[in-house]
Each structure stands twice: as structure tokens, then as C-alpha cells.
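Spelled out from the first residue to the last, the chains are:
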Amino acid sequence: MDQQANLTDERPSFVSHLECSATGERTPADRPHNLSRVGKPLLVRYDLAAAAHSLTRAALATRPWDFWRYRELLPVRRAADIVSLGETVTPLVPLPRLAARAGGGELLVKDEGRLPTGSFKARGLALAVSMAKSFGLSHLAMPTNGNAGAALAAYASRAGMRATVFCPDDTPDINIAEIALQGARVWRVNGLIDDCGRIVAEGRAQVGWFDVSTLKEPYRIEGKKTMGLELAEQLGWTLPDVILYPTGGGTGLIGMWKAFDELEAIGLIGAERPRMVAVQAAGCAPIVKAWENGAEHAPRWEEAHTVAAGIRVPQAIGDFLILRAVRASGGFAIAVDDAAIEAARNEVAQHEGFLLCPEGAATYAAWRAARADGRIGREERAVLFNCAVGLKYPLPRSEAAIDRHRPIDFAALA
Ligand SMILES: *Cc1c(COP(=O)(O)O)cnc(C)c1O
């Protein structure tokens, strides 16, 4: 594949404007934005009629296998602004043995661990940093549970920008190390991600960095949206029956839901939609609680805790967008506890040779539970999201050892 050809292509822009996700108020796109006037996320809107002429199956057939292939539905106007580390289209890996053990159906994992920095946060930050470059911004800041900070650090360094990152003090060491090594300033904070977010907001007023928090600028979601575009293309312009998504801030779930509408509008898919399932950890399940209560917003979850650090988000600014997509799709929200997450990780690793991250394992645990209680049927095709490479997380230590100077009982060690 000729990556360079893609990156040097000049592209027409199909962005028409930005729109407040709560009020629908329109805003011109061509300057930096955070939240809308009423403090809600801004969404990018495109001239889809024009995009339909350019983003065709025939055009896609000639493009490199990376997510910039969907450029008509991405916000970057000039190829020179693209900041890239090689954003491959991630594979859909089937788990046939575990599907058969559960009684049939089709189970696919979209393996986001193959992306730069080892997580799907690369999708959002590739776009956010490219747009920041196009606006001439030079210093970006964010709160993170680890993976987003790592992606910001990498893409900001790639673009020659400064990055300052704040994370809860119990963020996995590997994440803090990679953030620092990739050139950002990283600070541990004695609080949770929303406490870190407040520090970013305060600092913005004082030192003028640009806030790239989840859904507090309009472009990370456009990057995450590419998961939905890829999925549709990989499945031959059809969509699965069910998508199980490990939900923190919910950018990916909201982004995919948006992607499906855009694909329908340009004629690449029809009106069918998957059921969207928001998976959370039992120790931090604000969306599940709001879904069960029929509420439109999800109040802060107190004393949030889980081994799945990426979904330890006590309060999400896009809560209403997540809940709307889940409900409109006929899906549901479900919580799984840490013991189920660890058991799921072990089961998939041992029976399929696939080491999921804890957040990805949560989606498998949720699939198992939903198959057991009938919410997902035997014949359905389900897609799980493995959002990061399993190796980024602490793994249980294996203690077995032998003394090579003593007789070895081979029957016992095989
Ligand atoms: C950030 C993250 C999530 C949650 O993604 P959102 O789209 O913000 O809900 C899930 N898993 C991992 C590994 C993450 O890093």
C-alpha cells in the first residue's frame, strides 16, 4: 500500500459546519472550538450530498488500508495538516471456539490494539492533533486514565507541539511511562479523571493551552467514528446485529452511531442498525444506572473503582448522547464486575490465544451474560471492541520454575 500517496493527496473539504449536540445551534467550523455556547459537545456536520459523489466503493478500492481512506467524512481540509503514525484499519478477529461453546452465533473482535500507541485513543488524537495543527495551536492539555494521554503525547510530539497531561495517581505505570517517554509533561493527581479535568480547565484560563478532553473539542469523536466506517466496509457494507462497546466517555459509541447515519446518507448502507450495548464495570456504572432508571443524564458515580482503567469515568459530558444512541438502537447497558472481567480475559486467552485488555474482556463477559439471559440471540453476529493491546496492562505473575541442576520430573511439568 502506498501510504504517501494518500497523505499527499489534496482533498476537497466536505465539512459544512459544527452543530451543538443539545440545541442544534450552528457554528462555523474553521477556528478552534471547545464546547458549544450552552456547554455541550459540538458535532461536525458534512455536505453529505457532495461527499456521496466522491466517497464511493470504486474510489475506496484504490485507497490505502488506513482510516484516512474515509477522508470525505473526516474534518482535515489540507493533507499537509495530517499527523500520522500509521493508522491501519484494525482486523476483525473471530472467536469461533467460544461462540460454539456458547451454543452458536458469530463472535468477532475488532482489535484496536493494533493502532499506534496500542489503543484506539490513537484514532481520536490523530484527528484532534491534525486539526490543532491546522489551527496553528501549539500546546495541548488533557486529563486521562492513561491511553488517551499516551496517544496525545505521541501525536503532539509527531506534530512538534507541546502536551501537558494529568492522570489519577493510580494510573497504570506503563501509561505514565509511555506518556513521559513520548515527550509530554505528565502529572499524577490525587483524584479521578474528572478532578484532573478541572485542573485542565483552570490551567487553560491561566496558561492558554488548548483543552483536548473527551468531547470537549469536536474532532476526537470524528476519529473514533472511523471504527463504524471500517466495520461497515469490512462486513461488506452491512452492520452486525449487536455491538458491545466498553463505555467510559462514550466517544466511540456516539461516534459509530454518527458514522452509520452518515454512511446511510451517502448511500453506502441502508436503514438497518446494530443494537448498541454500553458495557461498564460494576464499580463504575453511571450509564447503566441511568439506562435502568430511564434517565436522560447520568449523575456522577461516587467512589469509582475497577481494573478496567479505561472505563473508570464517573461522569461523562456526552451521557445523554450515549443513552440516546443505546435507546434508539434498541440496545441496552450492562455492568460486569472485576472478577468477571478477569475470568473473561483468562478464558479468551486460553481458548482463543487472544489476550484482551480488561475493557475488551468486559465486553466478552457482557456478551456471555447477555447470551445466557437471551438478550443476545443464538444466531446473532456480535462485535466486541478490544480497545487496547492486552500487554499494556499488569498481568498475573507466573511463578513456576525448575532447578536445572536437579533431576527433572518431565511427567509432572508437561
Ligand atoms: C478510553 C478507553 C475506553 C473508553 O472509550 P470511550 O470511547 O471514551 O468510552 C475503553 N477502553 C480503553 C482501553 C480505553 O482506553
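See above for the structure.
Here the structure is a predicted model, which is why all the values come from computation and not from measurement.

> How should I be thinking about the overall build of the protein chain in this particular structure?
The helix and strand inventory of the protein chain stands at 15 helices and 13 strands. For 414 residues, the compact-globule formula gives about 22 Å, and the C-alpha radius of gyration of the protein chain, at 21 Å, lands near that figure. For the protein chain, the spread of C-alpha atoms along the three principal axes comes to 75 × 50 × 50 Å. Scored against the burial criterion, the 414 residues of the protein chain give a buried share of 57%. Taking all contacts inside the protein chain whose residues are at least 6 apart in sequence as the whole, residues at least 24 apart take part in 71%. Only carbon and sulfur atoms are counted for the fraction: they give 51% of the accessible area of the protein chain, which is about 16900 Å². For the protein chain, the centre of its 47 positive side-chain charges and the centre of its 48 negative side-chain charges are spaced 2 Å apart.

> Hey, could you run me through helix H10 (residues 251-265) in this one?
An α-helix turns once per 3.6 residues; consequently, residues spaced three or four apart project the same way. With 15 residues, H10 should cover 21 Å at 1.5 Å per step; its first-to-last C-alpha distance of 21 Å lies within 8% of that length. Most of H10 sits inside the fold, with 12 of its 15 residues counted as buried. Looking at H10, one finds that the buried residues are Thr251, Gly252, Leu253, Ile254, Gly255, Met256, Trp257, Lys258, Ala259, Phe260, Glu262 and Leu263. Following H10 by one or two positions, Gly267 has its phi on the positive side, about 85°.

> Help me out: how do you make sense of empty space enclosed by the protein in this one?
With a probe scaled to a water molecule rolled over the atoms, the places where space remains empty come into view. Taken as a whole, this structure holds two cavities of 30 Å³ or more when the rule is applied. Volume-wise, the largest cavity comes out at about 50 Å³. Per element, the largest residue contribution to the lining of the largest cavity is three residues, and it comes from helix H5 (residues 121-134). Together, Val15, Ala29, Asp30, Pro75, Arg77, Met131, Phe135 and Tyr219 line the second largest cavity. Counted by class, the lining of the second largest cavity contains six nonpolar, no polar and two charged residues.

> Looking at this model, I keep getting lost on the sheet that holds strand S7 (residues 162-168). Mind explaining?
The pairing of strands in a sheet happens through backbone hydrogen bonds and is either parallel or antiparallel. Spatially, the four strands line up as an open sheet ordered S8-S7-S6-S9, and their pairing is parallel. A strand with exactly one partner marks an edge of an open sheet, and here the two such strands are strand S8 (185-189) and strand S9 (210-211). Where strand S6 (residues 139-143) lies against S9, two bridges are found, and the strand directions are parallel. In the strand pairing of S9, Ala141 is matched with Asp211. Across the face of the sheet, helix H7 (residues 173-181) comes into contact with S7 and S8 while running at roughly 150° to S8.

> Looking at this structure, how should I read the pairing of strand S1 (residues 15-20)?
For a regular strand, the rule is simple: side chains alternate between the two faces of the sheet. Burial of S1 is extensive: five of the six residues sit out of reach of the surface. Note: S1 against strand S3 (residues 42-46), five bridges, orientation antiparallel. Along S3, the bridge assignment pairs Cys20 with Leu42. Here two bridges tie S1 to strand S2 (residues 26-27), and the two strands are oriented antiparallel to one another. If you follow Glu19 over to S2, its bridge partner there is Arg26. In sequence, S1 turns back onto S2 through a hairpin of five residues, with Gly24 there showing a positive phi of about 80°.

Thresholds applied
Residues numbered from 1 in each chain as written. Predicted model: local features only at pLDDT ≥ 70, side-chain atom pairs only at ≥ 80, totals over all residues. Heavy atoms only, no water. Helix = DSSP H or I, 4+ residues; strand = E, 2+ residues; numbered from the N terminus. Rg over C-alpha atoms; globule rule 2.2 N^0.38 Å. Buried < 20%, exposed > 50% of the residue type's maximum accessible area, 1.4 Å probe, protein only. Contact = heavy atoms within 4.5 Å. Areas by Shrake-Rupley, 256 points an atom, 1.4 Å probe, with all protein chains shown as cover. Lys, Arg positive; Asp, Glu negative; His and termini not counted. Charge placed at Lys NZ, Arg CZ, Asp CG, Glu CD. Expected span 1.5 Å × (residues − 1). 1 Å grid on protein atoms, 1.4 Å probe; cavity = no way out; pocket = protein on both sides within 12 Å on 5 of 7 lines; lining within 4 Å. Points joined across faces, edges and corners; volume = space filled by probe spheres on them. Nonpolar A, V, L, I, M, F, W, Y, C, P; charged D, E, K, R; others polar. Pairing = 2+ DSSP bridges. Axes fitted to C-alpha atoms, helices over the stretch in contact; angles between N-to-C directions.

On their own, these measurements won't tell you what the molecule is for.
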